[in-house]
Amino acid sequence: MLSSKRLVLAHFWLAFTVFGLALLLGAWQMLVRSPLLAWISNPEWYYRSVTAHGTVMGYVFPTLIAMGFGYAISELALERPLIGQRWAWTGFGLVVVGAVMAMVPVSMGLASVLYTFYPPLIGSPFYYLGIVLVVVGSWIWVALMSLNLYVWKRDNPGKPVPLAMFANVAGSLLWGWTAVGAALELLLQILPVALGFRTTIDAGLARVFFSWTLHAIVYFWLMPAYIAYYTIIPRAIGGKLYSDSMARISFILFLVVAMPIGIHHLFTDPQVGAGFKFMHSALTALVALPTLLTVFTICASAEIAGRLRGGKGPFGWVAALPWRNPMMLAVTFSFVMLGFGGAGGLINMSFQLDASIHNTQWVTGHFHLIFGGAIVIMYFAIAYDLWPHLTGRALTSLGLMRAQLWLWFVGMIVTTFPWHYVGILGMPRRMAFYDFTNTALAPEALPVTISVFGGFLLVISGALFFVVLIKGQLAPKAEAGVYRFSIAIHPPTSVPVALNGYSLWLVLMIGLTVVNYGFPIAQLLALKNTSVPAVYVGAQP
Amino acid sequence: MSSERLFTLSNRWFTTALGLTAGFAAAAALGGLVLLPYAQPNLKFSGIWDAICSAAGVSREAATVAPSAVEAKTSAVVMTSRMLNHPSAASIGHGGTLALQCAICHSGDNVTRSEFPYLAGQYAAVIYKELHDFKAGVRVNAIMGPFAAALTEQDMIDLAAYYSYLPRVPAYHPGPGAGEPAIVLSGAPLRNIPPCASCHGAADNKAGSPRLEGQSPVYLKTQLQAFASAARRNDISEQMRNIARRMTPAEIDQAASFYAERP
Amino acid sequence: MTLQDNHAAGAVVAARVERKWAMVSVAVIVLLAGMAAFAGIHQATMPQARVETADPTTLHIAGEFVESNLGSALEPDGSVTVRAVAQQYSFTPQCLLVPAETPITFRASSADVVHGFLIQGTNINTMLVPGYVSAIPIRFDKPGDHLMPCHEFCGIGHEGMWANVKVIDKAAFLAMTSAHRRLTCVE
């Protein structure tokens, strides 16, 4: 049973509220730079909006979802109240204060540096301090997750850690370590300049630090979705989880190899040696492994559900699946988008193919498809699944839920496929304005226009999502029953100690980080003459 | 099972995981740092150590190529944001004394149709750079050249301090207030004209870009035309010539009168 | 497979299928990585081999990026080196002139913030990070015009940072080199 309902609900409501606002900003950005609308005339508004959209969608929204879901998992999987509730509220408070502190200068146009910071551009120090507070708040969650698991293990020696909690803590540890890169960049490089203690900054080193965070943060966003794949979906569609130990191995693989691969974002950067680019590229290939394993396990779990429902033959089980169940729809859409996004990711991963699409609109399409598509649709599914247990009121608008998920899926495809296409044509990303009357850009006008309509669909879907939740909040009280996670078809009675804890995997994670990042960072730190003057944004000198 | 030890060679998970990870990392390092540099046919290395170092990213200074024919002198001023930001009172005072000889042309009294720029409240870095360029003969002007030639480095810093310290007198020549022209707010992207406002105030300010509000429209127009024709070429790496040469005469007029009419 | 199977035997089958799938996954990944490595070596599209540094604040005063040295230069070995500077918010030269069917090396750096260097319709795509020099080898097959936008957010005027690349016939280019040391197509 959940004893921290208010805590979890607070996280989810805040997460989805800021998500809704950032969604509107995103749609507005697509509209104003499309051929549909006369130009807004002030490019600064656009970059301000991109900064807000990215900061909210990249840092605040997924962090709150992971935190809220993590607290819920801890209580539901370990079947005991959360230890450290007061600390959890403190963490939540820090995220709130941090988000507000970051968003005020952004909305005033004092920090239009985009959520990727881009030093030597330097904005208001409050923007960076706000981000730091959000991260510190999430680190409280990281610590609480490990603490709760530790206490449970002490009380249950030798028992297998429930899969949901195992995955949840793996995700929290991954975040704890991957956030270090951006934290180093902010604390050692950007903040001293933003606060006026220094006037120069090594932009190349900053980009290396940021890449440490930037890739694995996607896996942190992904974790709640993967946890839902393994521990919610099989149960929700009336099946069983195909394999418990394969699930553990997948999460362990994410923990070990998701992080020391970030330099693939810097394939074309002049400050990193070609050898390290190759090493990161090779390890990036490896990170496809846990996803391929997951696809297999979840499809096999769905097959179990289909056969339990009477499906026969090699494909008959597909027809027998509960297609009117929103959870079935969500996971299907998520997989389709993950498939397309993953295929695009394999292209980004190789230096040679990356050269034709690096930093174009393709990349925007890629991560919107993975994050906004495959991951966020699972956030919706998680909310739908948990809501009755959080509010004590049933969500009954199944038709609305289906419509919402369909719209999100179609909207995301219509938005991102044209982006991929114009990216191949060489359309640069993050520009406030494109002159489509120019003959060289004219071929991009139609795809860009189409994608705007995808954006409209996403806004409608987002609105429907709130309608579903609010209708749920207004419904009469109904006992939701005991919450349970999926049961493996062969539930483990004991698991090897290696798959029941993290020590070995943390050693490997940190070891690989040192191998892959140690020298590039040390070498740039040692370079004396590459610090460049800061360029202040939004403020008069 | 709770007694099962993990960090021991007899634990198969430990040995396999460690072996696979270390093996993969070693293979990737071997491939990236040793094999690949040699697989690139057009690279010459002085030995294996050189190849490994270059692949690892050990840096070297870019080779200096001496330009053989110098076509025209360009500015030698290093511009950074926050330069000359905190002048001392003594510097401002000395600058004020020096500025007595400048006041005939650069006082704000007759700015409306003046061909001379209005300097009160201008950024110190801008004043300093222009004086420096006049003195070096990079920016050519029959009146300013001789004046600047007589100035020392400290004189230029002091003059910059003084003029940036002077309050800007609100312009007394407000125009019809036609609103911001497109060239100022949006530029013309495909002609490589960014918005004037992104460097000269109104949206953002770039180090070394002068404040233009309230400036003499005649002066602004003359300078834009000089940049366009490359008669003036002391802008670092052509940053202003790139823009001015692609502006239409109408856009030059609009930008000049817009900034002149701003308070 | 049904759930009524003997539990232990089922678990063994499940583990075997899983292992097979894991092998297939690994094979897929090895194949993809191998293809990338092969293409890199045989088509000579590799990352820049050396890290080179250059002080962004003095690019215009000394070194290879001074104004009079920017543009296309014919090298003694018949190749062409094109030097460019990126700054808020333009590339200098604003229009790059290059010959077709000639080995070309672009060398560029940034004078202030991070910029992007992308020539549409080609695989030329790199970052310009202040403090460092980017070098990209390329060969254009045929004459034509390309747009060259900055593809990294570099400030409020980013959307206005577009340069042009003009690829001309090799003979015409060589004829021009006798009159000018550094070639550009800036009008």
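Residues numbered from 1 in each chain as written. Chains lettered and ligands numbered in written order. Predicted model: local features only at pLDDT ≥ 70, side-chain atom pairs only at ≥ 80, totals over all residues. Heavy atoms only, no water.

Enquirer: Give me the lowdown on the overall build of chain B, citing residues and values where you can.
Expert: The number of helices and strands found in chain B is twelve helices and one strand. Sequence-ordered secondary structure for chain B, helices as α and strands as β, is α-α-β-α-α-α-α-α-α-α-α-α-α. Out of the 263 residues in chain B, the part that is buried amounts to 48%. When contacts within chain B are restricted to residue pairs at least 6 apart in sequence, long-range pairs at least 24 apart make up 67% of them. For chain B, the accessible area works out to roughly 12700 Å², and carbon and sulfur atoms hold 62% of it. (Helix = DSSP H or I, 4+ residues; strand = E, 2+ residues; numbered from the N terminus. Buried < 20%, exposed > 50% of the residue type's maximum accessible area, 1.4 Å probe, protein only. Contact = heavy atoms within 4.5 Å. Areas by Shrake-Rupley, 256 points an atom, 1.4 Å probe, with all protein chains shown as cover.)

Enquirer: Tell me what's going on with the pairing of strand β5 (residues 95–99) of chain C, and back it up with residues and numbers.
Expert: Residues and elements named next belong to chain C. Taken across its five residues, β5 has five buried, putting it largely inside the fold. Along β5, one buried face is formed by C95, L97 and P99 and the opposite face, lined by L96 and V98, is buried too. Where β5 lies against strand β11 (residues 162–168), five bridges are found, and the strand directions are parallel. Among the inter-strand pairings, C95 is bridged to a residue of β11, identified as N164. (Pairing = 2+ DSSP bridges.)

Enquirer: Any details on the side chain of N325(A)? Residues and values, ideally.
Expert: All names here are of chain A. Mapped onto the secondary structure, N325 falls in the loop between α11 (313–319) and α12 (326–349). Of note is the side chain of N325, whose polar atom sits 2.8 Å from the backbone oxygen of A236. With residues up to four places along the chain from it excluded, the contact list for N325 reads A236 and I237. (Polar contact = N/O pair within 3.5 Å; in protein donor to acceptor, adjacent residues only side chain to side chain.)

Enquirer: Let's hear about the state of the cysteines: which residues, and what values?
Expert: In this structure the tally under the stated criterion is one disulfide over all chains. Across the disulfide from C95(C) sits C185(C); the S-S distance is 2.0 Å. What sets the handedness of the C95(C) and C185(C) disulfide is the S-S torsion sign, and at about -90° it is left-handed. Within this pair, whereas C95(C) is found in strand β5, its partner C185(C) is found in the segment after α2 (170–177), the two being separated by 90 residues in sequence. No disulfide involves C199(B); its nearest neighbouring cysteine sulfur is the one of C196(B), lying 9.0 Å away. (Disulfide = S-S within 2.5 Å.)

Enquirer: Describe a nonpolar patch on the surface, listing the residues and the values that go with them.
Expert: All names here are of chain A. On the surface, a nonpolar cluster with roughly 340 Å² of combined accessible area is contributed by L36, L37, F453 and F456. Within the fold, F456 resides in helix α16 (residues 445–474). Classification of F456 as partly exposed rests on a relative accessible area of 32%. (Patch = residues over 30% accessible without salt bridge, like charges linked within 9 Å, V, L, I, M, F, W, Y side chains within 5 Å. Salt bridge = Lys/Arg side-chain N within 4 Å of Asp/Glu carboxyl O.)

Enquirer: Summarise the interface of chain A and chain C; cite the residues concerned and give the values.
Expert: Between chain A and chain C, the residue contacts involve 70 residues of the former and 55 residues of the latter. Carbon and sulfur atoms supply 71% of the area that chain A and chain C bury against each other, a total of about 5100 Å² over both sides. When the buried surface of chain A facing chain C is broken down by residue, P270(A), Q352(A) and H490(A) rank first, second and third, together holding 13% of it. Our count for the contact surface shared by chain A and chain C stands at two salt bridges. Taking the shortest distance from any N to any O, the salt bridge between E152(C) and R430(A) comes out at 3.9 Å. At the junction of chain A and chain C, the tally comes to 13 residue pairs in polar contact (both at pLDDT 80 or more). Every element with two or more residues in the side of chain A that touches chain C is listed here: α2 (43–78), α6 (203–231), α9 (274–286), α10 (288–308), α13 (351–357) and β3 (532–533) of chain A. In terms of residue count, α10(A) provides more of the side of chain A that touches chain C than any other element does, seven residues in total. Grouping the amino acids of the side of chain A that touches chain C by side-chain chemistry returns 43 nonpolar, 17 polar and ten charged. (Buried area = accessible area lost by both parts, 1.4 Å probe. Nonpolar A, V, L, I, M, F, W, Y, C, P; charged D, E, K, R; others polar.)

Enquirer: Can you lay out the packing of α2(A) against helix α4 (residues 125–155) of chain A for me, pointing to particular residues and giving the numbers?
Expert: For any two helices packed against each other, the geometry comes down to the angle between their axes and how far apart the axes lie. Residues and elements named next belong to chain A. Direction vectors running N to C along α2 and α4 enclose 15°, while the axes themselves pass 11 Å from each other. When the axes of α2 and α4 are compared, the pair comes out roughly parallel. The two elements α2 and α4 meet at a crossing, and its hand is left-handed. Between α2 and α4, the residues in contact are T51, T55, Y59, T63, A66, M67, G70, Y71, S74 and L78 and Y127, I131, V134, G137, S138, W141, L144, M145, N148, L149 and W152, respectively. Of the residues contributing to the contact of α2 with α4, the split by class is 13 nonpolar, eight polar and no charged. (Axes fitted to C-alpha atoms, helices over the stretch in contact; angles between N-to-C directions. Parallel < 35°, antiparallel > 145°, perpendicular 65-115°, else oblique. Left-handed = near helix turned anticlockwise from the far one by under 90°.)

Enquirer: Hey, could you go over the interface of chain B and chain C for me, with residue numbers and the actual values?
Expert: Each partner contributes to the interface: chain B provides 52 residues, whereas chain C provides 41 residues. Both faces combined, the contact of chain B with chain C buries some 4000 Å², and carbon together with sulfur accounts for 52% of it. The largest per-residue losses of area from chain B upon contact with chain C belong to R60(B), S237(B) and R246(B), which jointly make up 15% of the total buried on that side. Scanning the region where chain B abuts chain C turns up four salt bridges. For the side of chain B that touches chain C, the secondary-structure elements that each account for two or more residues are α1 (12–39), α2 (48–56), β1 (59–61), α9 (197–200) and α11 (241–244) of chain B. When its residues are assigned to classes, the side of chain B that touches chain C shows 24 nonpolar, 14 polar and 14 charged. Examined bridge by bridge, β1(B) and strand β1 (residues 51–53) of chain C share three bridges and lie parallel to one another. Directly across from S59(B), in β1(C), lies its bridge partner V51(C).

Enquirer: So what's going on with the domain arrangement of chain B? Residues and values would help.
Expert: The domain architecture assigned to chain B consists of domain 1 (33–57), domain 2 (81–168) and domain 3 (170–263). The centre of domain 1 of chain B, based on its C-alpha atoms, is set 53 Å off from the matching centre of domain 2 of chain B. (Domains from an automatic or database assignment.)

Enquirer: How would you sum up helix α7 (residues 153–165) of chain B? Please name residues and give values.
Expert: Residues and elements named next belong to chain B. For α7, with 13 residues, the first-to-last C-alpha span of 18 Å sits near the 18 Å given by 1.5 Å per residue. For α7, every residue scored as buried is listed here: D155, M156, D158, L159, A160, A161 and Y163. On its buried face, α7 is in contact with α3 (89–98), α4 (103–106) and α5 (124–136). (Expected span 1.5 Å × (residues − 1).)

Enquirer: Describe in detail the pattern of salt bridges, supporting the description with residues and values.
Expert: Taken as a whole and assessed by the stated rule, the structure comprises 27 salt bridges over all chains. The residue R207(A) makes a salt bridge to E152(C) at a minimum N-O spacing of 3.9 Å. Within this pair, whereas R207(A) is found in helix α6, its partner E152(C) is found in the loop between β10 (144–149) and β11, the two belonging to separate chains. Among the charged side chains, a salt-bridge network with shared partners connects K129(B), E130(B), D133(B), R139(B) and R232(B).

Enquirer: Mind laying out the packing of aromatic side chains, listing which residues take part and the relevant values?
Expert: All names here are of chain A. For the coordinates displayed, the defined rule picks out 53 aromatic pairs over all chains. Ring geometry for F19 against F380: centres 5.8 Å apart, planes inclined by 70°, an arrangement best described as edge-to-face. Pair noted here: F19 is in helix α1 (residues 5–32) and F380 is in helix α14 (residues 361–391), with a separation of 361 residues, a long-range link. By relative accessible area, which is 0% here, F380 ends up buried. The interplanar angle of 90° and the centroid separation of 5.6 Å between the aromatic rings of F453 and F456 together place this pair among those described as edge-to-face. Linking F453 with F456, this pair stays in helix α16, spanning three residues, or about one helical turn. Geometry around Y483 places R235 over its ring, the cationic atom sitting 4.9 Å from the centre. Taking NZ or CZ as reference, R248 lies 5.1 Å from the ring centre of F166, over its face. (Phe/Tyr/Trp six-rings, centres within 6.5 Å; stacked < 30°, edge-to-face > 60°. Lys NZ or Arg CZ within 6 Å of the ring centre and 35° of its normal.)

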